[in-house]
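Commentary on secondary and tertiary structure
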Amino acid sequence: MSGVRFPISEVVDFLVLGAGAAGGVVAKELATAGFRVVVLEQGPYLRETDYSHDEIKYTFQPGLTNDPKVQPITYRKSEADHAAPMKAIEYGRQVGGGSVHFTANYWRFHESDFRERSLCGEVRGADLADWPITYADLEPYYTKAEYELGISGLAGANPFEAPRSKPYPLPPMPVKSSGVLFDRATKKLGLHPFPAPVAILSEPYQGRAACVNCGFCESFGCEMRAKSSTLVSVIPLAEKTGRCEIRPECYVRKIETDGAGRATGAVYFDRNRREIFQGAKAVFVCANGAETPKLLLMSRSKRFPQGLANSSGLVGKYLMWDNGGEAQGLFEHPLNEYKGIQVTRLIHDYYASDPERGFYGGGGIDARFDFYPAGFALHGLPPDTPRWGSEFKRTIQTYFTRTMALLAHTTSLAQARNTVSLDPDVKDAWGLPAIRITFDHHPDDMATMKWMMARQIEILEAAGALKTWSQPYDVVSNMPSRHLMGTCRMGNDPRTSVVNACSRAHDVPNLFIVDGSNFVTSARQQPTATIQALAYRAADYAIRAAKRGDLS
Amino acid sequence: LDAGTAGEIEALATVLGFQGNPSYGGNRGEDGWHQIGFENLMTYQPRFGYYDAQVDEEKP
């Protein structure tokens, strides 16, 4: 922590709730534009020296993610069921948020993602809608994100990618054996593999060192500062202005409003669980697709009886899931996939929805290995292998260095019945309501995952796998969901959306909501690039509005 | 750690003792990791495996 510290009594220009992928970007933009900013973050302020390669701490326990022991999550399949405690969702809970522990895949959406309702028509049982913005509206902000954060990739290598104004700032990461096998197999099948765009530095960039291929990206914090989290990229720039205070271990329970219906600040618990009010002229909520609707629903008042910014009744609705099945293959020679970043090659050939398949949906497929030793022994082996004794040990010895996986990233349709709501019974350690998840897959999303799984197996076989197997992908198997999208939908009509095309709440003029909750569709997962592009765009709009005097 | 059936807990304990970080008391001398081919180094250089090394050899 190196930024300014404002007295609690001072009303600042902007209050940002959440210091993650979106909040970090917003804070940097606002502070560098000359505004005084306080950022409240639930989690701690960690440094690279706080991290380790301890698999038990970071994958078997919530080292960098929400801990259900203090913040329970409940889950039910439908409104008719009783929700029971289950870690149905997971998010990064520290300064930097999910950008600290994510796998760092950094895909831009395609042009078609913003207008799939127009392209695909109505999908029964879902509320498929066009976005109020186009890819062209967001393109400058994707570019800005890629350059400010530090993204590695190869422009033009993906024949399906949307037009870009600039190439990636950094060349792709070195290919792994999984990438080489995937390249050969997909080319043999007439497909178009390309180097994975990732938020990991392939070369030194802006004072940070290049990745050293240690392999501990997914679920871990990067000890080398080579993963381009907001923690190591834009947050230091925000603090350097002397106008931005990052306040960690501050858990917001309510956004307050005045008689005119404008946001005045937020009440939070500090690390000693004292209640504190921080005033601001305008508020940004960037708490993620689950914590954001929870906070808005908790911010009920006489004027806003359904919760803040919720005249549409859509806060918390249209939750979309982290969809896609995983297939694995065993190969003759060692791949040593535990070395290097998780993903180096992928395809977007099946990205577009194709009516000939008989259902809506599509996805990308990447070649990866996202297991660590203990997790592999427990979850990475084929289902028919022994789980006990010396035979089990021999199996791990054969498979650990010779296995790769193909993960699909597929559509999740927006359905009004899939929600984030406040659990009426279960409370967290602060006495606040637990997040209650109500979710079930749309049949087309299940059909997409099944269809994609057949493609994944084809590719593994074309790559020469000696054996292939797959992991189940029903709702419970795909838990926790780590891509939290759709719960404060963006749109032009205040009756059918929560925020406008610039992430400003329809109901509250000085309230901005920007994170995965704005998503109208799920695209094909990998939401971080779009979350950050939306954050840059919303901040740009807010800065111009504030300078016009439109926010005060 | 999440609770499970007695069998699952036993399997979990066995695997974590075999493949967990040695700081927890198991996997003595990183023996479990050596057995499965996990080197546990902080940095690796490309030519990570057999197949990417082949590509390197194909290049002029």
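Placed above this text is the structure.
As a starting point, this report considers the structure included with it. Every chain begins its residue count from 1, and numbering advances along the sequence as written. All chains are assigned letters beginning at A, and all ligands numbers beginning at 1, according to the order in which they are written. Confidence filtering applies because this is a predicted model: local features only for residues at pLDDT of at least 70, side-chain atom pairs given and counted only at 80 or more, and all residues used for totals across whole chains, interfaces and linings. Working from all heavy atoms in the structure, the side-chain values ignore hydrogens and water.

**Section: the overall build of chain A**
As a reminder, the rule being used: Segments assigned H or I by DSSP are reported as helices when at least four residues long, segments assigned E as strands when at least two residues long, and all are numbered from the N terminus. As defined in this context, the radius of gyration uses C-alpha atoms, and a globule is described by 2.2 Å times the residue total to the power 0.38. In what follows, residue pairs with any heavy atoms lying within 4.5 Å of each other are defined as contacts.
Assigned secondary structure in chain A consists of 12 helices and 17 strands. For 552 residues, the compact-globule estimate of 2.2 N^0.38 gives 24 Å, and the C-alpha radius of gyration of chain A, at 22 Å, lies within 12% of that figure. Dimensions of chain A, computed from C-alpha atoms along their principal axes, come out at roughly 70 × 50 × 50 Å. A sequence separation of at least 24 residues applies to 75% of the contacts in chain A between residues at least 6 apart.

**Some remarks on the overall build of chain B**
Where we set the bar: Using the Shrake-Rupley algorithm and a 1.4 Å probe, accessible areas are obtained, with residue cover drawn only from the displayed protein chains.
When its secondary structure is counted, chain B shows 3 helices and 0 strands. Along the chain direction, N to C, the helices and strands of chain B fall in the order α-α-α. Within the structure as shown, chain B displays about 3,700 Å² of accessible surface, and the carbon and sulfur contribution to it stands at 53%.

**Comments concerning the side chain of Asp 52 of chain B**
Here is the rule: Think of it in three bands: with a 1.4 Å probe and only protein chains considered, a residue is buried below 20% of the maximum accessible area for its type, exposed above 50%, and partly exposed in between. The charge count treats Lys and Arg as positive and Asp and Glu as negative. His and the chain ends do not count. Take a side-chain nitrogen of Lys or Arg and a carboxyl oxygen of Asp or Glu: if they are within 4 Å of each other, that pair is a salt bridge. Definition of a polar contact: a pair of N or O atoms within 3.5 Å, with one able to donate and the other able to accept a hydrogen when the atoms are protein atoms, and with sequence-neighbouring residues admitted only if both atoms are side-chain atoms.
Mapped onto the elements, Asp 52 of chain B comes out in helix H3 (residues 50–58). In this structure Asp 52 of chain B is buried but unpaired, with Arg 47 of chain B as the nearest side chain of opposite charge at 7.5 Å. Here the side chain of Asp 52 of chain B touches Arg 47 of chain B through a polar contact of 3.3 Å, landing on its backbone nitrogen. Discounting chain neighbours no more than four positions away, the residues touching Asp 52 of chain B are Val 175, Lys 176, Ser 177 and Val 180 of chain A together with Pro 46 and Arg 47 of chain B.

**Here's the deal with the sheet that holds strand S12 (residues 363–368) of chain A**
Residues and elements named next belong to chain A. Put simply, the rule is: For two strands to be treated as a pair, DSSP must find no fewer than two bridges joining them.
Taken in spatial order, the 6 strands line up as S5-S11-S12-S13-S10-S16 in an open sheet, and their pairing is antiparallel. Lying at the two open borders of the sheet, with one neighbouring strand each, are strand S5 (194–195) and strand S16 (467–470). In the sheet, strand S10 (residues 326–330) pairs with strand S13 (residues 403–410) via 5 bridges, with the strands oriented antiparallel. Paired with Gly 329 across the strands is Met 404, a residue of S13.

**Comments concerning the sheet that holds strand S4 (residues 84–85) of chain A**
Across a sheet, paired strands are connected by hydrogen bonds in the backbone, their directions being either parallel or antiparallel. Residue and element names in this part refer to chain A. Basically, it comes down to this: Helix axes are fitted only over the stretch in contact, all axes being lines through C-alpha atoms; the angle between N-to-C directions runs from 0 to 180 degrees.
Taking strand neighbours across the sheet as the criterion, the 4 strands line up as S4-S3-S15-S14 in an open arrangement whose pairing is mixed. The open sheet terminates on both sides in strands that have one partner only, identified here as S4 and strand S14 (419–427). By the bridge criterion, 4 bridges tie strand S3 (residues 73–76) to strand S15 (residues 433–438) in an arrangement that is parallel. Its bridge partner lying in S15, Tyr 75 is registered against Ile 437. Of the strands in this sheet, S14 and S15 are in contact with helix H8 (residues 291–298), which crosses S14 at around 65°.

**Here's the deal with the state of the cysteines**
All names here are of chain A. Put simply, the rule is: Here, a disulfide means two cysteine sulfur atoms that sit within 2.5 Å of each other.
Counted by the stated rule, this structure contains 0 disulfides over all chains. The structure places no disulfide on Cys 222, whose sulfur is separated from the nearest cysteine sulfur, that of Cys 214, by 6.4 Å. For Cys 222, a relative accessible area of 21% corresponds to the partly exposed category.

**A look at the nonpolar core**
All names here are of chain A. Threshold: To qualify as a nonpolar core, a set must consist of buried Ala, Val, Leu, Ile, Met, Phe, Trp, Tyr and Cys residues joined through side-chain atoms within 4.5 Å.
Of all hydrophobic cores here, the largest spans 151 residues; its most connected members are Phe 14, Leu 17, Val 37, Phe 284, Leu 511 and Ile 513. Here this core gets 11 residues from one element, more than from any other, and that element is helix H12 (residues 528–547). Leave out the neighbours within four places in its chain, and Leu 511 touches Ile 255, Val 283, Val 285, Leu 296, Leu 308, Ala 309, Ser 503, Arg 504 and Ala 505. Judged by nonpolar contacts, the second largest core, of 26 residues, contains Val 180, Met 449, Leu 460 and Tyr 473.

**Some details on helix H11 (residues 443–462) of chain A**
All names here are of chain A. For clarity, the threshold we go by: Working rule for helices: expected span equals 1.5 Å times residues minus one.
If you check H11, its first and last C-alpha atoms are 29 Å apart, about what 20 residues at 1.5 Å a residue would give, namely 28 Å. Here H11 has its buried residues at Asp 444, Asp 445, Thr 448, Met 449, Met 452, Met 453, Arg 455, Gln 456, Ile 457, Ile 459, Leu 460 and Ala 462. Packing partners of the buried residues in H11 comprise helix H6 (177–188), S10, strand S11 (343–347), S12, S13 and S16. Gly 464 sits one or two positions beyond H11 and adopts a positive phi of about 95°.

**Considering the pattern of salt bridges**
Side-chain pairing between opposite charges can occur once the charged atoms of the two side chains come close. Residue and element names in this part refer to chain A. Overall, the coordinates contain 33 salt bridges over all chains when judged by the stated rule. Close ionic contact of Glu 146 with Arg 108 constitutes a salt bridge, the shortest N to O distance being 2.8 Å. On the criterion of sequence distance, the pair formed by Glu 146 in helix H5 (residues 135–150) and Arg 108 in the loop between helix H3 (98–101) and helix H4 (116–120) is long-range, its members being 38 residues apart. Here the two residues Glu 146 and Arg 108 agree in accessibility, since each one is buried. Residues Glu 391 and Arg 394 are paired through a salt bridge, measuring 2.8 Å at the closest nitrogen-oxygen approach. With Glu 391 and Arg 394 both in helix H10 (residues 389–399) and 3 residues apart, the pair spans about one turn of that helix. Judged by its relative accessible area of 41%, Glu 391 falls in the partly exposed class. The class of Arg 394 is partly exposed, set by a relative accessible area of 45%. Because the salt bridges share partners, they merge into one network encompassing Arg 108, Glu 139, Glu 146, Glu 161 and Arg 164.

**Topic: the interface of chain A and chain B**
Basically, it comes down to this: Put simply, buried area is how much 1.4 Å-probe accessible surface two parts lose in total, over both of them, once they are put together. Residues are sorted three ways: Asp, Glu, Lys and Arg are charged, Ala, Val, Leu, Ile, Met, Phe, Trp, Tyr, Cys and Pro are nonpolar, and all the rest, Gly among them, are polar.
Of the residues lining the interface, 41 residues belong to chain A; the matching set on chain B comes to 31 residues. Interface of chain A and chain B: buried area, both sides summed, is about 3,300 Å²; carbon and sulfur atoms make up 67% of it. Considering only the surface of chain A that becomes buried against chain B, Ile 56, Tyr 338 and Lys 339 of chain A emerge as the three largest contributors, covering 16% of it. The interface formed by chain A and chain B contains 1 salt bridge. For Lys 339 of chain A, the salt bridge goes to Glu 39 of chain B, with nearest N and O atoms at 2.8 Å. Across the contact surface, chain A and chain B share 13 residue pairs in polar contact (both at pLDDT 80 or more). Listing elements by their share of the side of chain A that touches chain B, those giving two or more residues are helix H2 (55–60), H6, helix H9 (373–380) and H10 of chain A. Split into classes, the residues belonging to the side of chain A that touches chain B amount to 22 nonpolar, 9 polar and 10 charged.

**Some points on H6 of chain A**
All names here are of chain A. For H6, which comprises 12 residues, the first-to-last C-alpha distance of 17 Å matches the rise-based estimate of 16 Å (1.5 Å per residue) to within 8%. For H6, the buried fraction is high: 9 of the 12 residues fall into the buried class. Buried residues of H6: Ser 177, Ser 178, Gly 179, Val 180, Leu 181, Phe 182, Asp 183, Ala 185 and Thr 186, and no others. Backbone geometry just after H6 places Gly 190 at a positive phi near 80°.

**Overview of the packing of aromatic side chains**
How we decide: Any pair of Phe, Tyr and Trp rings, taking the six-membered ring for Trp, is counted once the centres come within 6.5 Å. Such a pair is stacked with planes under 30 degrees apart, edge-to-face with planes over 60 apart, and tilted for the rest.
By the definition in use, this model includes 32 aromatic pairs over all chains. Pairing Phe 109 of chain A with Phe 114 of chain A gives two aromatic rings, centres 5.8 Å apart and planes at 50°, and the pair type is tilted. As far as burial versus exposure is concerned, Phe 109 of chain A and Phe 114 of chain A are alike and both buried. Look at Tyr 338 of chain A and Tyr 44 of chain B: their rings are 5.7 Å apart centre to centre, the planes differ by 80°, and that puts the pair in the edge-to-face class. Of this pair, Tyr 338 of chain A sits in the loop between S10 and S11 while Tyr 44 of chain B sits in the loop between helix H2 (31–36) and H3, placing the two residues on different chains. Residues Tyr 338 of chain A and Tyr 44 of chain B agree in their burial class; the two are buried. Connected via pairs of aromatic rings, a cluster forms that spans Tyr 58, Phe 216, Phe 220, Tyr 338, Phe 369, Phe 371, Tyr 372, Phe 376 and Phe 400 of chain A together with Trp 33, Phe 38 and Tyr 44 of chain B.

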